[in-house]
Amino acid sequence: MKRNGRIMMNLLVALGVSQFAIGCGKQDINTEKVTEQETIIEATDRQAEEIETETESEEPVLFRVAIISGSGTYVPDVPSADAKDGFFGLQGEQYDVYEVCENEKEGTTYYKIKVDGKTRYLDADAVQVLSDKVLFRIKVTDSRGTYLIGKPEEEEYGDAILVEQGTEWDVYSEHTSQEGNIYYEVRIDGRPYYAYANQVQKIEEN
């Protein structure tokens, strides 16, 4: 009887130790899971911070421009006429501007742009600042139609397009030429053209 009692006691002790061991094992596993989750959360936070830092470091776009020079313009890698590397931009091409640079020696203003990830510069005199705001709407009233020109100057027509009477456009800006004539900037496929004010009529004000 005593022997059986000792056996039962040993079994109970062994069972208790086993349960304790299993409980510790579960606790260790849970601890590992918590540690793993914390590591994932920390890694995700770091990635979010890196993305946020990259976003903050991106240069803001100041405005958008289009080349209006009928002969196009050279787009160098430095804001200077003495640049040795660049390419030739054609009339109508548009770019986002990230910085306005003044070359005091040349007395020229350049706009910093990016082409295929590379920094380039546009001569401000060869481009037109584009606006997304519509000022008003116009319609061609001249029975002969009117020509849309690439630049608001009589001596630099660029690519001229003849349009018929009754044609309508939204106007984005208004320009006065050196001769004192008024031209309205309109868009065709995103490219700026200019209509002679005397041959059109305002039909809708914003």
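Throughout, a residue's number is its position along its own chain's written sequence, starting from 1. Predicted model: local features are reported for residues with pLDDT of at least 70 only, side-chain atom pairs are reported and counted for 80 or more only, and whole-chain, interface and lining totals are derived from all residues. The side-chain numbers reported here are obtained from all heavy atoms of the structure, hydrogens and water having been left aside.

Can you break down the overall build of the protein residue by residue, with the values?
Elements are defined by DSSP. Helices are runs of H or I of four residues or more, strands are runs of E of two residues or more, and each kind is numbered from the N terminus. When helices and strands are tallied, the protein shows 1 helix and 16 strands. Looking at the protein residue by residue over its 206 residues, the buried ones come to 32%. In these tables, accessible area is a Shrake-Rupley quantity obtained with a 1.4 Å probe, and a residue counts as shielded only by the protein chains included in the view. Only carbon and sulfur atoms are counted for the fraction: they give 50% of the accessible area of the protein, which is about 13,700 Å². Throughout this description, buried means an accessible area under 20% of the type-specific maximum (1.4 Å probe, protein chains only), exposed means over 50%, and partly exposed covers the range between.

Residues and numbers for the sheet that holds strand β7 (residues 118-123), please.
Reading across the sheet, the 3 strands line up as β5-β6-β7 and stay open at both edges, with antiparallel pairing between neighbours. Looking at the sheet topology across the chains shown, the edges are occupied by β5 (99-103) and β7. Each strand axis lies, on average, 35 degrees off the axis of its neighbour in the sheet, ignoring direction. DSSP-based pairing: two strands are paired if at least 2 bridges between them are found. As defined by bridge partners, β5 adjoins strand β6 (residues 108-115) across 5 bridges and the pair is classed as antiparallel. Bridge pairing in β6 links Cys-101 to Tyr-110. Each axis is a line fitted through C-alpha atoms, taken for helices only over the stretch in contact, and angles between the N-to-C directions span 0 to 180 degrees.

Outline the pairing of strand β9 (residues 136-140), listing residues and values.
On β9, burial follows the alternation: Phe-136, Ile-138 and Val-140 on one face are buried, whereas Arg-137 and Lys-139 on the facing-out side are not. Relative to strand β12 (residues 168-171), β9 is paired through 4 bridges, and the arrangement is antiparallel. Bridge pairing links Lys-139 to Glu-168 in β12. Both β9 and strand β16 (residues 200-205) contribute to a ladder of 5 bridges, which runs antiparallel. Note on β16: the bridge partner recorded for Arg-137 is Glu-204.

Can you break down the environment of Gln-128 residue by residue, with the values?
Positionally, Gln-128 belongs in strand β8 (residues 127-130). On the accessibility criterion, Gln-128 (12% relative accessible area) is buried. Taking C-alpha positions, Gln-128 is 6.4 Å from Ile-67, a pair spaced 61 residues apart along the chain. Residues count as neighbours in contact if any of their non-hydrogen atoms are within 4.5 Å of one another. Excluding its chain neighbours within four sequence positions, the residues that come into contact with Gln-128 are Arg-64, Val-65, Ala-66, Ile-68, Ser-173, His-175, Glu-185 and Tyr-194.

I'd like to hear about the pattern of salt bridges, residue by residue, with values.
Here, a salt bridge means any Lys or Arg side-chain nitrogen found within 4 Å of an Asp or Glu carboxyl oxygen. Applying the stated criterion to the full structure yields 9 salt bridges. A salt bridge links Arg-120 to Asp-85; the nearest nitrogen and oxygen atoms lie 3.5 Å apart. Taken together, the residues Arg-120 in strand β7 and Asp-85 in the loop between β2 (73-76) and β3 (86-89) connect sequence positions 35 residues apart. Using a relative accessible area of 40% as the deciding quantity, one classes Asp-85 as partly exposed. Of the charged contacts, one joins Arg-137 and Glu-168 as a salt bridge, the two residues approaching to 3.1 Å between their closest N and O atoms. Highlighted residues: Arg-137 in strand β9 and Glu-168 in strand β12, separated in sequence by 31 residues. Residue class for Glu-168 comes out partly exposed when judged on its relative accessible area of 35%.

Describe in detail the pairing of strand β10 (residues 146-149), supporting the description with residues and values.
Relative to strand β11 (residues 161-163), β10 is paired through 3 bridges, and the arrangement is antiparallel. By the bridge assignment, Leu-148 is partnered in β11 with Ile-161.

Nothing here speaks to function; it is geometry throughout.
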